[in-house]
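Now for the letters of each chain:
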Amino acid sequence: MAHPDHAFRLSATCMNAACHFVVLPSEKHDEVSREMQEHTASTGHAVFARKVEDTAVVVLADRAEQERRAEANALEYKHLGGAAEDAAEHTRTDA
């Protein structure tokens, strides 16, 4: 499902073969439209590919699967944190 804390983002790419104009993804849709209009006014290029993207969040309905994933995530974060702690420890002992 769409993440409730993130808005849709819009981007645009000029379709003129010799042009490399791109509007980066933004939640400010009016600004993306304004940039496209300004590009058209200055170049005459009027065809754009627009892309709408959102941030998705996966919600597991099965309680057992939720618990299994929580345990797997905890192990993964512990592993990543352990690597960072090891690096910090080497930095302290080498100093």
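Below is a short write-up of the structure. (Residues numbered from 1 in each chain as written. Predicted model: local features only at pLDDT ≥ 70, side-chain atom pairs only at ≥ 80, totals over all residues. Heavy atoms only, no water.)

1. Description of the side chain of histidine 45
Turning to its location among the elements, histidine 45 is positioned in the loop between α1 (29–43) and β3 (48–53). A polar side-chain atom of histidine 45 sits 3.3 Å from a polar atom in the side chain of histidine 39. (Helix = DSSP H or I, 4+ residues; strand = E, 2+ residues; numbered from the N terminus. Polar contact = N/O pair within 3.5 Å; in protein donor to acceptor, adjacent residues only side chain to side chain.)

2. Focus: the pattern of salt bridges
When charged atoms on two side chains of opposite charge get close, those side chains can pair. On inspection of all chains with the given rule, the structure shows five salt bridges. In this structure, arginine 34 and glutamate 38 form a salt bridge, with 3.0 Å as the shortest nitrogen-oxygen distance. On the criterion of helical spacing, the pair formed by arginine 34 and glutamate 38 is a turn pair, its members being four residues apart in helix α1. Note on arginine 34: relative accessible area 37%, which makes it partly exposed. Taking relative accessible area as the criterion, glutamate 38 reaches 45% and is therefore assigned partly exposed. When the shortest N-O distance is used, the salt bridge between glutamate 53 and lysine 51 registers 3.9 Å. Using a relative accessible area of 24% as the deciding quantity, one classes glutamate 53 as partly exposed. (Salt bridge = Lys/Arg side-chain N within 4 Å of Asp/Glu carboxyl O. Buried < 20%, exposed > 50% of the residue type's maximum accessible area, 1.4 Å probe, protein only.)

3. Side note on the side chain of serine 26
Among the structural elements, serine 26 can be located in strand β2 (residues 22–26). Overall, serine 26 belongs to the buried group, its relative accessible area being 18%. Among all residues touching serine 26, those that are not within four sequence positions of it are Phe8, Arg9, Leu10 and Val32. (Contact = heavy atoms within 4.5 Å.)

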